[in-house]
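Letter by letter, the chains look like this.
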Number of protein chains: 2
Amino acid sequence: MPNALQFRLKTTAGAARRGEYTVNGRVVQTPAFMPVATQATVKALGTADLIALGVQQIVCNTYHLWQRPGEELINRAGGLHRFMGLPDEASAILTDSGGFQVFSLSGRKGVGVDIPAEADKKKPLLRRLDEEGAVFASPIDGKLYQLTPEVSMQVQHDLGTDIVMALDECTPYPATVEETRRSMELTHRWERRSIDEHRRLNEERGTSRAFFAIVQGGMYPELRAESVQALGELNADGYALGGLSVGEPKSLYNEVLETTASLLPADKPRYVMGVGTPVDLVHAVGEGIDLFDCVLPTRNARNGQLFTWSGRLNLRNAHLKDDFSPPDHDCDCPVCRTYTRAYLSHLTRAGEFLGLRLASYHNVYFYLELMRRIRRAIEEDTLPALQQRIYTAYESMPK
Amino acid sequence: MPNALQFRLKTTAGAARRGEYTVNGRVVQTPAFMPVATQATVKALGTADLIALGVQQIVCNTYHLWQRPGEELINRAGGLHRFMGLPDEASAILTDSGGFQVFSLSGRKGVGVDIPAEADKKKPLLRRLDEEGAVFASPIDGKLYQLTPEVSMQVQHDLGTDIVMALDECTPYPATVEETRRSMELTHRWERRSIDEHRRLNEERGTSRAFFAIVQGGMYPELRAESVQALGELNADGYALGGLSVGEPKSLYNEVLETTASLLPADKPRYVMGVGTPVDLVHAVGEGIDLFDCVLPTRNARNGQLFTWSGRLNLRNAHLKDDFSPPDHDCDCPVCRTYTRAYLSHLTRAGEFLGLRLASYHNVYFYLELMRRIRRAIEEDTLPALQQRIYTAYESMPK
């Protein structure tokens, strides 16, 4: 059986890659940024917005949807696209494994250690973790859930996603080399079980969902290389760099990214999960990364912060109160063409819902436009100039 | 000088009136419902939404905008249309006088009595009330504001509204006939001062804003008749029925509405402020009312309640969880064409902003579609059937 995802590299510029893939008939231009639709909605945006924005792929969170409204209900709705009212051709959907929320949010600090007696009421309470998987109590319905590689695959397939993510363990930071190796090897065994179950489900149901493996290995380049090697044997449809942006210093993040990215299979999409700022994006693209997802555009919008071509703009700044110019002078989105900084500032101060909706729309537009410009820059071999523009605007360097 | 507002009665059916008016080049078909944009936003909806919805007139609250962001700032922005990003031709704007919030929300129970020593932190603290007007402390900036007929006119003109409302006193309920008369006579003197100042401002600035007078008289038909008579002499551009929906029994509300509506000038638009439910609307139209405004469609949306052609639909109802049918089977709005009850139910349960936005959009659409059908029903002389349909769907009669 051919891979469910066909990736085609169109051109490269240094390590940067300009590509395209098709999954279940849905086409994604890379490098791509995927807005996050945690609970089957990109916060404050409807499907008409996603279509108008030109979103090609979104990320939904298995952990949340599994508990509410449940994968069974979404399956009966006809899968996530139908459930969300997203036209079949509008956008591909990638789901995560659910592991990140269970392992990281539960406050556990390492394999088999530090399981808290009581958890934050909003966070899953991890009850047991072993080779098989994890048992946790849901903060939503209080019920016990078992998360194993097989369960994660079943839930993701039931959700009707296009790209399934392997169940891995996100190695905490800091961790010793021994802890990291132990965690990584667990991840490798889980990912093998993940892809086996994934393939079984595709075969049993006649579906062609794609599967991404996740490379771990913490902050140790030699373990990262070993993880790439081990997981390469799975012949997954794509490879993610996991365990980054978990609290490590930026210099370490960059070091791991730069040394690991080049080791990943060249003929598959490469994905850095949960990344990042505009600076992170233009930098990682330069290292050969193709896919990103992050809650920053929508989360910062809710805090009144806009991403613009001149850097961050805080809508609560006093001097914006009577600034009748567009939110971002260099942006062509409907928000910037329709409204002023003064109006957005007013909405933010007044606590009006429209303020965060307009900020969310603009921020997602900005991220997607940044990716469009990145793709063009790779084609025209002008990526360094675009990187420099972003580094200057955001007064920040990648290292 | 001709009246700033040209009202044309197209046809009638019994007491019901099908009309049209033009104000500052903006055309409004009546009977019309005006969504409320308290803080210069119809909650959760942007101007593109208002245009798509076919909104022809909205109501903005002078009290709120006066304090934040201030009429001076909105004036510098070029007026409310520009400030809100509303294209010039998109929708007319009516502003209230600011009096309702100061007098009613401050908790005062009658003229010169019951001024509370301390007020709700979110409500204005009335400091002084006399013939001249009122002084109150703003809950937003703590500053003292003076609201007089002249100030109300100046603020509304500065906001750049199309229709200015007179400053009246909304007579509380219950009130004795003596209290009501005293309050009504104060209203008449304030409205005379209002229209004088309004005309002065129009002349001074070369504008052609329209002016609506507000009939008071409480629950006493003879005082209502006296108020209509006294205010008729102002030759205002339109007449509102004030002091309704202030806690009186439905039967009393209907009695006052029915006896007063027919007394109002036939060649001017007639407006019932702050009304109401779908039942209220079809009933009042039958009594000859042309204009309505109410926060119900957006407020109820925020509480997860939809107005549909089959009655109210509470999105928190358990049986909607896996109901994959449209929110309203008889509605053609984009929400009902795109999403299911199950999805809206999920968004509501998950506390997602998108849920209240979609519910707001649908509810405003429903109200505007109801008005479209009302206008057609008057033209086709089938209003009673439409009224009956609404009474049945909402299991409620107007009296």
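**A look at the nonpolar core**
Turning to step 1, where the next piece is worked out: Membership of the largest hydrophobic core comes to 242 residues, with the highest contact counts inside it found for Phe212(A), Ala240(A), Val272(A), Phe212(B), Ala240(B) and Val272(B).
Turning to step 2, where the next piece is worked out: The element that contributes the greatest number of residues to this core is helix α14 (residues 353-379) of chain A, accounting for 16 residues.
Turning to step 3, where the next piece is worked out: In this view, Phe212(B) contacts Ile163(B), Met165(B), Ala166(B), Ala236(B), Asp237(B), Gly238(B), Tyr239(B), Ala240(B) and Tyr271(B); residues no more than four positions away in its chain are not counted.

**A look at the environment of Tyr394(B)**
Residue and element names in this part refer to chain B.
Turning to step 1, where the next piece is worked out: Considering the arrangement of structural elements, one finds Tyr394 in the segment after α15 (383-393).
Turning to step 2, where the next piece is worked out: By C-beta crowding, Tyr394 is classed as partly exposed, having 18 other C-beta atoms within 10 Å.
Turning to step 3, where the next piece is worked out: Sequence separation of Tyr394 and Thr308 is 86 residues, and the distance between their C-alpha atoms is 9.2 Å.
Turning to step 4, where the next piece is worked out: The residues touching Tyr394, leaving out its near neighbours within four places in the chain, are Thr277, Pro278, Val279 and Gly311.

**What to know about the relation of the copies chain A and chain B**
Turning to step 1, where the next piece is worked out: Once turned by 180° and shifted 0.0 Å along the axis, chain A lies on chain B with an RMSD of 0.0 Å. Put plainly, the chains are arranged around a two-fold axis. Rotation axis and chain A: the residue whose C-alpha lies nearest the axis is Phe353(A), separated from it by 4.0 Å.
Turning to step 2, where the next piece is worked out: Taken as a fraction of all interface residues of chain A, those also at the interface in chain B reach 100%, which identifies the copy contact as same-surface.

**Thoughts on the interface of chain A and chain B**
One frequent convention defines the size of an interface as the accessible area lost when the parts assemble.
Turning to step 1, where the next piece is worked out: Facing the 35 residues of chain A at the interface are 35 residues of chain B.
Turning to step 2, where the next piece is worked out: Mapped by element, the contributors of at least two residues to the side of chain A that touches chain B are α1 (47-53), α3 (71-77), α4 (80-84), α12 (334-338), α13 (341-349) and α14 of chain A.
Turning to step 3, where the next piece is worked out: By residue number, the principal contributor to the side of chain A that touches chain B is α13(A), which donates 5 residues.

**Points about the environment of Leu234(B)**
Residues and elements named next belong to chain B.
Turning to step 1, where the next piece is worked out: In this fold, Leu234 is placed in the loop between α8 (221-232) and β12 (238-241).
Turning to step 2, where the next piece is worked out: For the pair Leu234 and Ala261, spaced 27 residues apart in sequence, the C-alpha separation works out to 18 Å.
Turning to step 3, where the next piece is worked out: Residues contacting Leu234, with those up to four places away along its chain left out, are Glu191, Arg192, Ile195 and Ala213.

**Things to note about the domain arrangement of chain A**
Residue and element names in this part refer to chain A.
Turning to step 1, where the next piece is worked out: Looking at the assigned domains, one finds that chain A contains domain 1 (5-294) and domain 2 (303-393).
Turning to step 2, where the next piece is worked out: When each unit is reduced to the centre of its C-alpha atoms, the spacing between domain 1 and domain 2 is 28 Å.
Turning to step 3, where the next piece is worked out: The interface of domain 1 with domain 2 comprises 24 residues on the first partner and 21 residues on the second.
Turning to step 4, where the next piece is worked out: At the level of elements, β1 (5-13), β2 (16-23), β4 (32-35), α1 and α10 (278-286) are the ones that each hand at least two residues to the side of domain 1 that touches domain 2.
Turning to step 5, where the next piece is worked out: No other element matches α10, which puts 7 residues into the side of domain 1 that touches domain 2.
Turning to step 6, where the next piece is worked out: Split into classes, the residues belonging to the side of domain 1 that touches domain 2 amount to 16 nonpolar, 5 polar and 3 charged.

**Regarding the sheet that holds strand β9 (residues 144-147) of chain B**
Residue and element names in this part refer to chain B.
Turning to step 1, where the next piece is worked out: Read across the sheet, 3 strands follow the order β7-β8-β9 without closing on themselves; strand pairing throughout is antiparallel. Among the strands making up the open sheet, the edge pair consists of β7 (125-129) and β9. The average undirected angle you get between the axes of adjacent strands in this sheet is 25°.
Turning to step 2, where the next piece is worked out: Where β7 lies against strand β8 (residues 134-137), 4 bridges are found, and the strand directions are antiparallel. Paired with Arg128 across the two strands is Val135, which belongs to β8.

**Describing the pairing of strand β12 (residues 238-241) of chain A**
Residues and elements named next belong to chain A.
Turning to step 1, where the next piece is worked out: Residues of β12 alternate between two faces, with Gly238 and Ala240 on one and Tyr239 and Leu241 on the opposite face, all of them buried.
Turning to step 2, where the next piece is worked out: Both strand β11 (residues 210-215) and β12 contribute to a ladder of 4 bridges, which runs parallel. Bridging from a neighbouring strand, Ala213 pairs with Tyr239 of β12.
Turning to step 3, where the next piece is worked out: After leaving β11, the chain enters helix α8 (residues 221-232) and then returns to the sheet as β12, a path that is right-handed.
Turning to step 4, where the next piece is worked out: Strand direction decides the pairing type here: β12 and strand β13 (residues 270-272), joined by 3 bridges, are parallel. The residue bridging Leu241 from the neighbouring strand is Val272, located in β13.
Turning to step 5, where the next piece is worked out: Regarding the hand of the β-α-β motif, the stretch spanning β12, helix α9 (residues 250-261) and β13 is right-handed.

**Overview of α8(B)**
Turning to step 1, where the next piece is worked out: Here α8(B) contains 12 residues, and its C-alpha end-to-end distance of 16 Å stays within 8% of the 16 Å for a straight helix at 1.5 Å per residue.
Turning to step 2, where the next piece is worked out: When α8(B) is considered as a whole, its buried residues turn out to be Leu223(B), Arg224(B), Ser227(B), Val228(B), Ala230(B) and Leu231(B).

**Remarks on unusual backbone geometry**
Turning to step 1, where the next piece is worked out: Here the amide bond leading from Thr30(B) into Pro31(B) is cis, since omega sits at 0°, within 30 degrees of zero.
Turning to step 2, where the next piece is worked out: Along the chain, the position of Pro31(B) falls in the loop between β3 (26-30) and β4 (32-35).
Turning to step 3, where the next piece is worked out: With an omega of 0°, the peptide bond running from Tyr173(B) to Pro174(B) counts as cis.
Turning to step 4, where the next piece is worked out: Within the chain, Asp381(A) stands out as a residue other than glycine whose phi angle is a positive 55°.
Turning to step 5, where the next piece is worked out: Residue placement: Asp381(A) occurs in the loop between α14 and α15 (383-393).
Turning to step 6, where the next piece is worked out: On the neighbour-count criterion, Asp381(A) (13 C-beta atoms within 10 Å) is partly exposed.

**Notes on the environment of Leu320(B)**
All names here are of chain B.
Turning to step 1, where the next piece is worked out: Relative to the helices and strands, Leu320 resides in the loop between β16 (311-314) and α12 (334-338).
Turning to step 2, where the next piece is worked out: The buried category is assigned to Leu320, around which 23 C-beta atoms lie within 10 Å.
Turning to step 3, where the next piece is worked out: Once the C-alpha coordinates of Leu320 and Arg299 are considered, the two residues, 21 residues apart in sequence, prove to be 21 Å apart.
Turning to step 4, where the next piece is worked out: Residues in contact with Leu320, not counting those within four places in the same chain, are Leu315, Arg341, Ala342 and Ser345.

**Here's the deal with the sheet that holds β3(B)**
Residue and element names in this part refer to chain B.
Turning to step 1, where the next piece is worked out: Within the open sheet, the 3 strands sit side by side as β1-β2-β3. Their pairing is antiparallel. Each edge of the sheet is formed by a strand with only one pairing partner; in this case those strands are β1 (5-13) and β3. Strand-to-strand, the axes of this sheet are offset by a mean angle of 10°, without reference to chain direction.
Turning to step 2, where the next piece is worked out: With 5 bridges connecting them, strand β2 (residues 16-23) and β3 associate as antiparallel partners. Note that in β3 the partner of Glu20 across the bridge is Gln29.

**Observations concerning the packing of α8(A) against α9(A)**
Residues and elements named next belong to chain A.
Turning to step 1, where the next piece is worked out: Across the interface, α8 lies against α9 with an axial gap of 10 Å and an inter-helix angle of 35°. Judged by the sense of rotation from one axis to the other, the crossing of α8 with α9 is right-handed. Contacts between α8 and α9 pair Pro221, Arg224 and Val228 from the former with Val256, Thr259 and Thr260 from the latter.
Turning to step 2, where the next piece is worked out: Residue composition of the contact of α8 with α9, by class: 3 nonpolar, 2 polar and 1 charged.

**Here we look at helix α14 (residues 353-379) of chain B**
Residues and elements named next belong to chain B.
Turning to step 1, where the next piece is worked out: Across its 27 residues, α14 extends 39 Å between first and last C-alpha, which sits within 8% of the 39 Å expected from 1.5 Å per residue.
Turning to step 2, where the next piece is worked out: The buried fraction of α14 is high, at 21 of 27 residues.
Turning to step 3, where the next piece is worked out: Positive backbone phi, approximately 55°, marks Asp381, located one or two places after α14.

**Quick look at the confidence of the model for chain A**
Residue and element names in this part refer to chain A.
Turning to step 1, where the next piece is worked out: Averaged over every residue, the pLDDT of chain A is 94; residues scoring 70 or more account for 95%.
Turning to step 2, where the next piece is worked out: In the predicted structure, residues 109-115 sits below a pLDDT of 50 and forms 13 contacts with residues beyond four places in sequence or in another chain.
Turning to step 3, where the next piece is worked out: Complex prediction metrics read pTM 0.95 and ipTM 0.95.

Rules and cut-offs
- Residues numbered from 1 in each chain as written.
- Chains lettered and ligands numbered in written order.
- Predicted model: local features only at pLDDT ≥ 70, side-chain atom pairs only at ≥ 80, totals over all residues.
- Core = buried A, V, L, I, M, F, W, Y, C linked by C-beta atoms within 7 Å.
- Buried ≥ 20, exposed ≤ 12 C-beta atoms within 10 Å, placed from the backbone.
- Helix = DSSP H or I, 4+ residues; strand = E, 2+ residues; numbered from the N terminus.
- Contact = placed C-beta atoms within 7 Å.
- Least-squares fit on C-alpha atoms with pLDDT ≥ 70 in both.
- Domains from an automatic or database assignment.
- Nonpolar A, V, L, I, M, F, W, Y, C, P; charged D, E, K, R; others polar.
- Pairing = 2+ DSSP bridges.
- Axes fitted to C-alpha atoms, helices over the stretch in contact; angles between N-to-C directions.
- Right-handed = clockwise from strand over helix to strand, strands pointing away.
- Expected span 1.5 Å × (residues − 1).
- Left-handed = near helix turned anticlockwise from the far one by under 90°.
- pLDDT = per-residue confidence, 0-100.

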